[in-house]
Amino acid sequence: MALVAGVDSSTQSCKIVIRDADTGALVRTGRASHPDGTEIDPARWWEALQTAIADAGGLDDVEAIAVGGQQHGMVVLDADGKVIRDALLWNDTRSASSALDLIEELGGPQAWAEAIGSVPVASLTVTKLRWLRDHEPENAARVAAVALPHDWLTWKLSGSTDLSTLATDRSDASGTGYWSPFTEDYRRDLLELALGHDAILPTVAGPHAVAARTPSGALLGPGAGDNAGAALGLGLTTGDVAISIGTSGVVSAVSARPTADGSGMVTGFADASGAYLPLACTLNASRVLDAAARILGIDHAGLSALALSAPAGADGLVHVPYLEGERTPNRPDATGALHGMRLANTTPAHLARAAVEGMLCALADGLDALRDLGVPVERVFLIGGGAQSEAVRRIAPAVLGLDVTVPTPGEYVADGAARQAAWVLSGQDTPPAWSAAGESQVHTATATPRVREQYAAVRELTASR
C-alpha cells in the first residue's frame, strides 16, 4: 500500500493527513497550533509542521507529499535564503493604502482585473511588497526572492537552500497580484511596480508535476492555495461552489474560464486541477460567531440554539459583521454595526440570529457576484468550522436561496493536498477518483422574508458613514 501525505498550513494551525494513494483511505493524522497574529515568523510554521509530522507518526513510509496553505502571505528572502522579516499574512490590512496607490499607478481597477484577474486589496502579496518598499526600504532592497507560505514550506521540506529551486502552483501564484491567469505567467512588471526591483519567484509547476524531492527521496507536489486545495479534496467540478466558513469566509467556484471583475468583488484565481477558481472572500466569518458567543457569555452550541429560537430576520435586527474591516466589499477601515434595535428584538436570541444571518448575507453577496460574472452555480457545498453550527446549516439555504450540501467534516485542504500527492505519484493525466467528501447532508432552501433585503439596506448605510 503506497501512502501519501497532505499538509494544510493554515492561519491558525498545521494539519497533516496520511492516506492510501489508491483508495484515499485515511491512515493517520497529526496537527499543531500556529501563533496568533497577522505578522508571523515563518520559522513558527516550520516548527509546527515538524510537530504535526511527529504527531502523525512520521513520514518514513510516505512516498509523496504536497502542502496546501494560506494564500497571499509575504515571505521575503535574502540572497542566502534567509527570511528577512516576519511574514505579513493575508489578514494583515496595513497595506490597504498601498493597494490604492498600485491601482492608480496601473490605470484603475479594470486595468488590474484585465492584467491579473483581480483588483488589489490589502490581502494580496503585491500590496504587501509595496508597503515593504515604502515603509522598510532597507528590507525591500535586500529581497532576493519572494515566496508564499506553502511554497516556502515545500522548499524547506526539499532541504534545498538554492533559491532557484523554489516552486509553487498556479492556484497560489494567482493570488500574488503579479501572475496572470490569462497568460499563465508572472507579470514581472507588476512585481517591480510594487517592490521596486525584480526578484526570484518560485517556478510555477503543473497541477501534477514533481516540484522537488525530500532528502529521503519522497516526491513533493506543487501544493496549492487553501481554497484550491479544498476544492481538489472535495472533488469539485465546473458548476460546484464551496462556501467555506473559517477564519475568513470564502465563496469559490470551479470555472472553465478565467474572470476579470473590475469591481473587485471577485478575485480571478486559478485552481489546482488546471481550471479556474473565481472567488469572493470576506475577512469576517467564524469569528463573527465567536464574538457573538463571547458577548452573550455562551458556547457555540448555545449560540446555535438561541439563533434557531428567534424568527427569520430577527424581527428587523441586522448585524453588519465588519469586525476586522472587510475585503469583499473592500472596506479595510470599516467597523461592524447593529441596526434596527427595538425593545422587542434586543434579546439574546435575536442577537444570535442576527449574527448568523449577517455572516451568511455577506457570503450570499459573494455568491451573487460570481453569478453576475456568468460563473455557473449549480451545487453549493458548505464547509469549514462554521459549518458545524446547526444554526448555520439550517439558516444558510434560506439566505442563499439554494439547497446546501454539507459533506462529512474533514480537513479538506490537507485532503486535497494528499489527493494531489497521489496524483503526482501516479503519473496519470487525471487525479485519483477518490475524494474526501464522504457522506453528505442536503439542506433544502426555504423562503426567508426580507433577510437579504434588510441586510443590503443596512450594509449601504454602514458604507456611507
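Below or above, wherever it landed, is the structure these notes cover. (Residues numbered from 1 in each chain as written. Predicted model: local features only at pLDDT ≥ 70, side-chain atom pairs only at ≥ 80, totals over all residues. Heavy atoms only, no water.)

## Some points on the overall build of the chain
The following threshold applies: Here a strand is any run of E in DSSP of at least two residues, a helix any run of H or I of at least four, and the numbering for each starts at the N terminus. What the globule rule says is 2.2 Å times the number of residues to the power 0.38, and the radius of gyration is computed from C-alpha atoms. Each residue's exposure class comes from its accessible area (1.4 Å probe, protein chains only) as a fraction of the maximum for that residue type: buried when under 20%, exposed when over 50%, partly exposed otherwise.
Helix and strand counts for the chain stand at 15 helices and 24 strands. Taking 23 Å as the expected radius of gyration for a compact globule of 465 residues, we find that the chain reaches 21 Å, a close match to that expectation. Judged by the C-alpha coordinates and their principal axes, the chain covers about 65 × 55 × 40 Å. Taken across its 465 residues, the chain has 60% of its residues classed as buried.

## Structural notes on the packing of aromatic side chains
Here is the rule: To pair, rings of Phe, Tyr and Trp, with the six-membered ring standing in for Trp, must have centres within 6.5 Å; the planes then decide the type, stacked if under 30 degrees apart, edge-to-face if over 60, and tilted in the middle. Geometrically, a charge over a ring is one whose NZ (Lys) or CZ (Arg) sits within 6 Å of the ring centre while staying within 35 degrees of the ring normal.
Counted by the stated rule, this structure contains 1 aromatic pair. Note that Lys156 overlies the ring of Trp46, its terminal NZ or CZ placed 5.2 Å from the centroid. Above the plane of the ring of Tyr276 lies Arg170, whose end atom (NZ or CZ) is 5.2 Å from the centre.

## Some remarks on the environment of Gly358
Worth spelling out the cut-off: When checking whether two residues touch, look at their non-hydrogen atoms; a contact exists if any pair is within 4.5 Å.
Within the fold, Gly358 resides in helix 12 (residues 348–372). Judged by relative accessible area, which is 2%, Gly358 ranks as buried. Taking the C-alpha atoms as reference points, Gly358 and Tyr322, separated by 36 residues in sequence, lie 9.7 Å from one another. Sequence-distant contacts of Gly358, defined by excluding residues within four places in its chain, comprise His319, Pro321 and Tyr455.

## Thoughts on the layout of surface pockets
The condition is simple: Cavities and pockets were defined on a 1 Å grid built over protein atoms only: a cavity is a set of grid points that admits a 1.4 Å probe from which the probe cannot escape, a pocket is an open set flanked by protein on both sides within 12 Å along at least five of seven lines, and lining residues are those with an atom within 4 Å of any such point. Grid points are joined across faces, edges and corners, and a volume is the space filled by probe spheres set on the points. Gly is placed with the polar residues, together with every amino acid not listed as nonpolar (Ala, Val, Leu, Ile, Met, Phe, Trp, Tyr, Cys and Pro) or charged (Asp, Glu, Lys and Arg).
In this model, the largest pocket occupies a volume close to 810 Å³. Lining the largest pocket are 39 residues, with Asp8, Ser10, Lys15, Ser244 and Gly246 positioned closest to its centre. Contributions of two or more residues to the lining of the largest pocket are made by strand 2 (13–20), helix 9 (226–234), strand 16 (240–245), strand 19 (276–282), strand 22 (379–383), strand 23 (404–407) and helix 14 (412–426). The element that contributes the greatest number of residues to the lining of the largest pocket is helix 9, accounting for 3 residues. Counted by class, the lining of the largest pocket contains 15 nonpolar, 18 polar and 6 charged residues. Computed from the structure, the second largest pocket encloses a volume of approximately 210 Å³. Along its surface, the second largest pocket is lined by 13 residues, and Gly81, Lys82, Trp152, Trp155 and Lys156 are the ones closest to its centre. Secondary-structure elements contributing two or more residues to the lining of the second largest pocket are helix 1 (42–55) and helix 6 (149–158). When grouped by side-chain class, the residues that make up the lining of the second largest pocket number 5 nonpolar, 4 polar and 4 charged.

## Quick look at empty space enclosed by the protein
Under the definition given, this model contains 5 cavities of 30 Å³ or more. Considering only enclosed or pocket space, the largest cavity measures out at about 60 Å³ in volume. Contributing to the lining of the largest cavity are Thr93, Val121, Ala122, Ser123, Leu283, Glu326, Arg327, Asn330 and Pro332. Residue composition of the lining of the largest cavity, grouped by class: 4 nonpolar, 3 polar and 2 charged. Considering the residues around the second largest cavity, the lining is formed by Leu317, Val318, His319, Ala354, Glu357, Gly358, Cys361, Val451, Gln454 and Tyr455. Elements represented by at least two residues in the lining of the second largest cavity include exactly strand 20 (318–320), helix 12 and helix 15 (451–463).

## Regarding the pairing of strand 19
Which entries qualify depends on this criterion: For two strands to be treated as a pair, DSSP must find no fewer than two bridges joining them.
Counting buried residues in strand 19 gives 7 out of 7 residues, a clear majority hidden from the surface. Across the two faces of strand 19 the burial is the same, with Tyr276, Pro278, Ala280 and Thr282 and Leu277, Leu279 and Cys281 all buried. Two elements, strand 17 (residues 249–253) and strand 19, share 4 bridges in a ladder whose sense is antiparallel. Across the sheet, residue Val250 finds its bridge partner in strand 19, namely Cys281. Pairing geometry for strand 18 (residues 267–270) and strand 19, over 4 bridges, is antiparallel. Note that in strand 19 the partner of Gly268 across the bridge is Pro278. Joining the antiparallel neighbours strand 18 and strand 19 is a turn of 5 residues, in which Gly274 adopts a positive phi near 110°.

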